[in-house]
Amino acid sequence: MITILARAYTPVRKGIRPDDLGYVFGNNRINFANRNVAQKFAKNWVLKGLHCKVPHENAAVVKDNKVLFFTRGTTYGVEVPTDDVWNLGQNYSNMTVFHGHTDSYGAKASPLSYGDLYIFNQNKLYSKLIAYNKEGEASIFIKLSKFKKLNMDKFFRVRQDMETALLQNPSPEQKEVINEFHAWDKARGHLEDYEFYSRKTDLFYNEMRTAYGRKKMHDFYKEELPWHRLKYVTNFSNAK
Ligand SMILES: [Zn+2]
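Residues numbered from 1 in each chain as written. Predicted model: local features only at pLDDT ≥ 70, side-chain atom pairs only at ≥ 80, totals over all residues.

Caption draft 1: Representation of the nonpolar core. Residues Ala42, Ala60, Val62, Val67 and Val97 are the most contacted members of the largest nonpolar core, which totals 39 residues. The element best represented in this core is helix H2 (residues 35–50), accounting for 8 residues. Apart from the residues within four sequence positions on either side, Val62 is in contact with Ala38, Gln39, Ala42, Val67, Leu68, Met95, Thr96 and Phe98. (Core = buried A, V, L, I, M, F, W, Y, C linked by C-beta atoms within 7 Å. Buried ≥ 20, exposed ≤ 12 C-beta atoms within 10 Å, placed from the backbone. Helix = DSSP H or I, 4+ residues; strand = E, 2+ residues; numbered from the N terminus. Contact = placed C-beta atoms within 7 Å.)

Caption draft 2: Seen up close, the environment of Gly73. Along the chain, Gly73 turns up in the loop between strand E4 (66–72) and helix H3 (83–87). Classification of Gly73 as partly exposed rests on a count of 18 C-beta atoms within 10 Å. Residues Gly73 and Asn58, 15 residues apart in the sequence, show an inter-C-alpha distance of 5.2 Å. In this structure, Gly73 is in contact with His56, Glu57, Asn58, Ala59, Val78 and Glu79, ignoring residues within four places of it in sequence.

Caption draft 3: The arrangement of the pairing of strand E5 (residues 95–100) in detail. Burial analysis of E5 places 6 of its 6 residues in the buried class, which makes it a mostly covered element. The alternating pattern of E5 places Met95, Val97 and His99 and Thr96, Phe98 and Gly100 on opposite faces, both of which are buried. When strand E3 (residues 58–63) meets E5, the two strands line up antiparallel, connected through 4 bridges. Bridging from a neighbouring strand, Val62 pairs with Thr96 of E5. Bridge count for E5 against strand E6 (residues 126–132) is 6 bridges, and the pairing is parallel. Bridged to His99 within E6 is Ala131. (Pairing = 2+ DSSP bridges.)

Caption draft 4: Representation of the packing of helix H5 (residues 152–166) against helix H8 (residues 211–224) in the model. Where H5 contacts H8, the two axes come as close as 9 Å, and the packing angle between them is 135°. It follows that H5 is oblique to H8 by the angle criterion. Handedness of the crossing formed by H5 with H8: right-handed. Each of Asp161, Met162, Ala165 and Leu166 in H5 lies in contact with H8, whose residues at this interface are Gly213, Lys216, Phe220 and Glu224. Class assignment for the residues of the contact of H5 with H8 results in 4 nonpolar, 1 polar and 3 charged. (Axes fitted to C-alpha atoms, helices over the stretch in contact; angles between N-to-C directions. Parallel < 35°, antiparallel > 145°, perpendicular 65-115°, else oblique. Left-handed = near helix turned anticlockwise from the far one by under 90°. Nonpolar A, V, L, I, M, F, W, Y, C, P; charged D, E, K, R; others polar.)

Structure representation (structure tokens):
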């Protein structure tokens, strides 16, 4: 039954030989013969979700030769355990999260998102985070040595820099909202005056969904994340 479960979830079986498979625990943890096969399984599981009739995000968490967790998400997201949940068991670290990004909003899959960065920063047990698009291209965050979790102030600043980078060439309507926001900001507007803030946030998210915005995100990650001891690598075709 072990191999059957593993096979059932690996429709793209090229390169996985039955001999490579280890055994499945009762809690769905799978031990493979080595790290490569475990990673291949995770990638296949993610791609399977992206190639479904209703494409959705699947996720898997891999440590060494083990797939410790895998789950199915929706078109727009998928949940993985936080540090607290892992710590209920034993002490894990250096885990890699694999997940998929669908071609949502009528455009090619977006790179790792601001939300992904947030989860990655918050949970120290994850050292690598990968998003695949349906072509199997990868967008990857890696924690470098001496990485220190960004506190909320710093993290918010990263987000502001990202907004600035994305909205570098604003349209006249975008410009209007940005100017309003800056005036509000300068007047030390409070977050309770939510309207400007949420309008700017909408602007930011809408921009991320455009082809231009996606390219900008790749560029932003590549240039800015090393300052925070994070590395970004990608072979997404929309990063070029
Ligand atoms: Zn994601």
